[in-house]
Amino acid sequence: MSHKYYDEQFCEIQDCLVATLNSEPAQADRRENRQLLAGLYVRYITIANKLGTCVDQMVQPQKRLLLRKLLEATLGRILELKTDLVEADLSEWTHCGDILEDLRITPNDSELEIPACFRREREQEINCRKGVIDDVLNKLGFTDEVDERLPMSEQQAILVIQTHERARQGRLRAQFMKEIRSMKDKNKPVVTEESEGDEQQLGVNLAAAVKIQKIWRGYMARRATRRQKLQEMLLIGMIPPPKKRNEEIEKDLENQERRRQLQIQRQEEYSQDIKKIRSHLEKTQRGPVLEQLSDQVRNWFHEFKAQTGTIPEYTGSERSASRQMPSRQGTDSETSKSTPGSSKESKMTKTRASKSGKEPKAAEDVEDEEDWRCKAIVSTFAPELNVRKEEYEEWWRNKDESSNPRQHHYKHIIEHEQMTEMENELRKVVDEMMKAELMLLQDAFDKDRGHKSKKKSSKKSRKAMKKGKKKKEKDLTPDRTTQSLFEELVANGIIKRYPEVWMQDFRGERSFHPPAAHNRGKEPPFDLGDIRQVLTEYCVVPLLSARLHRNTPHIKSVLLAGPKGSGKDMLLHAICNEIGAVLFDLTPANIVGKYPGKSGLIMLIHLVVKVSRLLQPSVIYMDNAERPFVKKVPKTDRTDPKRLKKDLPKMVKNFGTEDRVILIGATNCPWESDQKLLQQVYQKFLIIPRPKYSSRYASSRILEAFGRDTPNDRIKYAIWTHLLNRHMPVSWKFDTSVVSKISDGYTVGSIVSTVKEVITVKRMLQLRIHPLSPLELVNALCKRTPVYKEEDEALELWWSKVPMVRRRLRAVEMLIEEEEEMMAKQANAKKK
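Residues numbered from 1 in each chain as written. Predicted model: local features only at pLDDT ≥ 70, side-chain atom pairs only at ≥ 80, totals over all residues. Heavy atoms only, no water.

From N to C terminus, the chain includes 33 helices and six strands. Per-residue burial over the chain gives 41% buried out of 832 residues. Within the chain, residue pairs in contact and separated by at least 24 positions form 83% of the contacts whose partners lie at least 6 positions apart. Put simply, the chain shows about 50900 Å² of open surface, and 53% of that area lies on carbon and sulfur atoms. (Helix = DSSP H or I, 4+ residues; strand = E, 2+ residues; numbered from the N terminus. Buried < 20%, exposed > 50% of the residue type's maximum accessible area, 1.4 Å probe, protein only. Contact = heavy atoms within 4.5 Å. Areas by Shrake-Rupley, 256 points an atom, 1.4 Å probe, with all protein chains shown as cover.)

Structural data, given as C-alpha cells:
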C-alpha cells in the first residue's frame, strides 16, 4: 500500500469518527438507551481496528502521533461502553447481533483487534527482560546448551552441497546398475543346441520391449484421463483450485516491514528537529515572551487597582493573560455539564435526613443503587476525541502534501507546538513571580494604611496533608536493586518465561445472537470467540498504556473456569505476549519449599508485589485457583494450598489504578472452594465453553473465501481445518465435517493432542500414496476423555452462584413477581 492509500484511510476514519461522535448521547440510561450504546460500541470497535492498521503503517511522524492519540482515546471509550453494556445486560458477554445486521458487518468485523504499536514501542525492553531470564536460567543449568556454530562462507556451503549431491548420485547409480544386472541375469535365455542362437535371443528381447511399451502407454493414458477429469471438475467448481504461492501478499508483507523501518527513521529525524527547534526558541524567544507575559499581568494589576481601589487576590487563573491562552473548543464534555454535582446534593440530602431523624428504608436504598447503576458512565475520552477531531480539521483536512512525497515532518507545526508548550511553561513561572510581587505590594499597601499583616492559619493545609497521606507499605528490601530482585525471583521459579502465542491463535467463532433483556429469559449462549473478545477488553487493552489503565474501569483480578484442555494456559500466555508482561506464578505447587515459614511468606508477597509494580505491566497467575479456599485439604496433598489464603485478598485490594498489575486464576473445579472467599479475591468470573460445531468445522469454500494461502492465516474459527492445514496439505476429498461432528463433547486440547498423535513425520511422508482417513483421527480421539454430563452440570451450578448471574436471576424473579401481582390485581378488579 502507498502513502496515498493510508492518507485516504485517515480521512475515512475521521468522517466515521465525526458521525459517531455526533450520535453520542448527552446523558444516557444504560437500559433504556441500550440500543444506542451497543451501536456506539460496535462502531468504535471498527474505528479502532482501522486506526490500529493506520498507526502500524503511517510513515509521517506527526500524523502518526495524532493517530496514536486517537487510537488510545477510542480504546478507552470502548472500555467505558463495555462497562455500560455489562451493567445494562447483567452479563459479561455482549451480544450485538441486531446491531451487526443493521450495520451489515460480520461478527469477525466487530471483534476488537489488539493494536501492535503499543507492544512494538516496548520491544527493546521486552527483549531485554527475556534475555535476563535466559541468562539466569543458563547460569543455573535449567536450559540445554546449544553449540553455536560459526556461519559458513558461500564457498564452503557450495562445496558441502556438491559433496552430498555427488554421493547421492553415486548411490543411486550403484543401485540402478545393480538392478540392471539382476534383470539381465533373469532374462538371459537358456541356449540349447537346437536353438538358432541370435534369432532366438532377438525374439525374446522384442517380446520384452512390446510388454514394456504396453504397460507404459497404459499408464500415460490413465494419467491423462485422470488429469482431464480433474480439470473438468475444477472448471465446474466441484473441487477447490490447487494451492498457489501468492506473490502479491508476500510483496505486501515485505512492503509493510519496509514501512515500519521507514517509520523509525522518520521518527528519529522528527525527534532531532524537535530538540533543535526548542533550543532555538529558548535562545531567541524565551526572554521576550517572559517579559510580555509579565507586562500583561502587571497591567491587569494596575487596571484592577484603578477601578476598585484595592489590590486583587491573584491565583494565576483569573488574570486576563490566562484567558488569552490558546484553547481548543470541545474540551469540556456535554455530559459533565448536564449532570448535577453529586457531592453537594448528597451532602444536602444527608443533612436533611439527619435533621428530620428519619432513616431511609432499605427498599429505597436498593432503588437508589439501581438508579445509579442504570446511569451510563460520563466519558473521559469523548472530549479528547473531539479535541483530536478539531486538530485534524485545523492541520490536516485541507493540507496539500504533494510537495512532501517522502513523508517528512513539517517544521512549522513543530514550531507552533513548541512555542505553545514554552508559553505554558513560562506562564507558571510568571504566576510564581507575580504572586511574590503581589505579596510585597500588599504588605506595602497595608503599611501605608496602618494595618498589621495577619498570618493565615495553616489548619486547612494541615488537614489536607493528613487526608492526602496514605500508609506506606514497609519496604523489606530497601538496599537491593530491581535487577537483583528480578534475578532472585527467576532463580526461584516465581518469574517464568512463557511460550510465544497470541490471542488470535485461540481459535473459535463469535456468537451472532441478539441481546436478551436483563430481566427476561435466559442469557444467550456464547462461544469461544466471545471469550477471546472479553479477555481482550478486560485483561489486554487496559494494560496497554498507563493512561488507559488509569482512566478506564479498574479490573484487578479475573478467574478463568473450564474443563481440562479448554485453553486456560494458552489464553494466559496470549495475554502476557500481547502486552509484553512479566509473568509471576503463585500456583501452590510452584511455591512449595520456597520462602518457608511465616517470615518467608511475607517476603514472597513483598517481592512479588514490589517487582510487579516496578516492571509493569505484570500478570500474577495462580493455577488451581480453588485450592487455597477449599474447605478440607486431602491428607495426600503436600503443597500446603491454604498458605496464601489470607494474603491474596489483601494483595488484590492494594492494587491501585496506577499499578498495571492483574491477577489471573485458572480452575477446572471451582465448585470445591468456599464461594465467599473466592469472590473476595476475584472480581470477574469467566467460563470457557466447549467448542461448538461452527468453531470446529470450516468447509473448503470458507477456506477459499478467507484465503487459505495467506501467511497470516485469517481463518479465525475452524479448529479442525486449521490444525490439519498447519501440519499437512489436506486433500479436497477429506471430510472434515465427520470429525467435527464426532468431536462434539471434547475440548480443544483433546483435538490438538489427537492431531499431534496422528500426523507424525512418518505419516506425512506417506500422504501422497496413502491419503489421510477420518477414521484414523476418530480412533485416536476415542482414547481421550470427553467432558461428561456430571462435570457440565457441576460447572453450570457453580456458574449460577457467580455474582453477575445472581444479579440477573434476581432481576428476573422481581419481574415475575411484579407480573404476578399485576395479574392478581386485575383478577380482583374483574371479580368486583
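Neither face of strand β6 (residues 684-687) is left uncovered, since the one carrying Lys684 and Leu686 and the one carrying Phe685 and Ile687 both have all their residues buried. With four bridges joining them, strand β2 (residues 557-561) and β6 adopt parallel strand pairing. Note on β6: the bridge partner recorded for Val558 is Lys684. (Pairing = 2+ DSSP bridges.)

Before going further, it helps to examine the nonpolar core. Within the largest apolar cluster, 147 residues are counted, with the highest numbers of intra-cluster contacts made by Leu75, Leu535 and Leu586. Here this core takes 12 residues from helix α2 (residues 34-57), the largest share from any one element. Leave out the neighbours within four places in its chain, and Leu75 touches Ala48, Leu112, Pro115, Phe118, Val541, Leu544 and Leu548. In terms of nonpolar packing, the next biggest core, distinct from the first, is built from 16 residues, Leu281, Leu293, Met419 and Leu426 among them. (Core = buried A, V, L, I, M, F, W, Y, C linked by side-chain atoms within 4.5 Å.)

Further remarks concern the sheet that holds strand β1 (residues 495-496). Across a sheet, strands are paired by hydrogen bonds formed along the backbone, either parallel or antiparallel in direction. Within the open sheet, the six strands sit side by side as β1-β3-β4-β5-β2-β6. Their pairing is mixed. What marks the edges here is a single partner per strand, and that holds for β1 and β6. Two elements, β2 and strand β5 (residues 661-667), share five bridges in a ladder whose sense is parallel. In the strand pairing of β5, Val558 is matched with Ile664.

The next subject is the pairing of strand β4 (residues 618-623). For β4, the tally of buried residues reaches five of six residues, placing the bulk of the element in the interior. By the bridge criterion, four bridges tie strand β3 (residues 582-585) to β4 in an arrangement that is parallel. Counterpart to Val582 in the pairing with β4 is Ser618. Remark: the β3/helix α22 (residues 597-614)/β4 crossover connection has right-handed handedness. Two strands pair when backbone bridges link them, and β4 and β5 are joined in this way by six bridges, in the parallel orientation. Within the sheet, the bridge partner assigned to Asp623 lies in β5 and is Ala666. (Right-handed = clockwise from strand over helix to strand, strands pointing away.)

Turning our eyes to something else, we now look at the environment of Leu686. Within the secondary structure layout, Leu686 lies in strand β6. On the basis of relative accessible area, Leu686 is assigned to the buried category, the value being 0%. For Leu686 and Leu535, which are 151 residues apart along the polypeptide, the C-alpha to C-alpha distance reads 8.9 Å. Once you skip the residues sitting within four places of it in the chain, Leu686 turns out to touch Glu92, Trp93, Val534, Leu535, Val558, Leu559, Leu560, Ala561 and Trp799.

Attention now goes to the pattern of salt bridges. A complete count under the given rule lists 41 salt bridges for this structure. A salt bridge links Arg30 to Asp84, with the shortest nitrogen-to-oxygen separation between them at 2.9 Å. Residue Arg30 is located in the loop between α1 (3-22) and α2, and its partner Asp84 is located in helix α3 (residues 61-89); the two are separated by 54 residues in the primary sequence. Side by side, Arg30 and Asp84 carry an identical accessibility label, which is buried. Linked through salt bridges whose partners overlap, the residues forming this network are Arg278, Glu282, Arg286, Glu421 and Glu425. (Salt bridge = Lys/Arg side-chain N within 4 Å of Asp/Glu carboxyl O.)

Turning our eyes to something else, we now look at unusual backbone geometry. Cis geometry is adopted by the peptide bond preceding Pro617, which originates at Gln616 and carries an omega value of -5 degrees. We note that Tyr595 has phi near 55 degrees; this positive angle belongs to a residue other than glycine. Note on placement: Tyr595 falls in the loop between β3 and α22. Since its relative accessible area comes to 12%, Tyr595 is described here as buried.

Turning to helix α21 (residues 568-579), a few remarks are in order. An ideal rise of 1.5 Å per residue puts 16 Å on 12 residues; α21 measures up with 17 Å between its terminal C-alpha atoms. Judged by how many residues are buried, α21 sits mostly within the fold: 10 of 12 residues are covered. Among all positions in α21, only Lys568, Leu571, Leu572, His573, Ala574, Ile575, Cys576, Asn577, Glu578 and Ile579 are buried. As for α21, its buried residues are in contact with α5 (117-121), α19 (528-540), β2, β3, β4 and β5. Looking one or two places after α21, you find Gly580, whose phi comes out positive at around 65 degrees. (Expected span 1.5 Å × (residues − 1).)

With that settled, the discussion passes to a nonpolar patch on the surface. Together, Trp216, Tyr219 and Met220 give the surface a local cluster of nonpolar side chains, amounting to about 320 Å² of exposed area. In this structure, Tyr219 sits in helix α8 (residues 198-235). (Patch = residues over 30% accessible without salt bridge, like charges linked within 9 Å, V, L, I, M, F, W, Y side chains within 5 Å.)

On inspection of all chains with the given rule, the structure shows seven aromatic pairs. When the centroid spacing of 6.2 Å and the interplanar angle of 45 degrees are considered together, the rings of Trp798 and Trp799 count as tilted. For the pair shown, Trp798 and Trp799 are each scored as buried. (Phe/Tyr/Trp six-rings, centres within 6.5 Å; stacked < 30°, edge-to-face > 60°.)

It is worth spelling out the packing of α3 against helix α15 (residues 382-395) at this point. Each packed pair of helices is defined by two parameters, the angle between the axes and the distance between the axes. Interhelical geometry of α3 versus α15 gives an angle of 155 degrees and a closest axis separation of 9 Å. Looking at the two axes, α3 sits roughly antiparallel to α15. The way α3 lies across α15 gives a crossing that is left-handed. Contacts between α3 and α15 involve Leu66, Lys69, Leu70, Ala73 and Thr74 from the first element and Glu384, Leu385, Arg388, Glu391 and Tyr392 from the second. Looking at the contact of α3 with α15, its residues break down into five nonpolar, one polar and four charged. (Axes fitted to C-alpha atoms, helices over the stretch in contact; angles between N-to-C directions. Parallel < 35°, antiparallel > 145°, perpendicular 65-115°, else oblique. Left-handed = near helix turned anticlockwise from the far one by under 90°. Nonpolar A, V, L, I, M, F, W, Y, C, P; charged D, E, K, R; others polar.)

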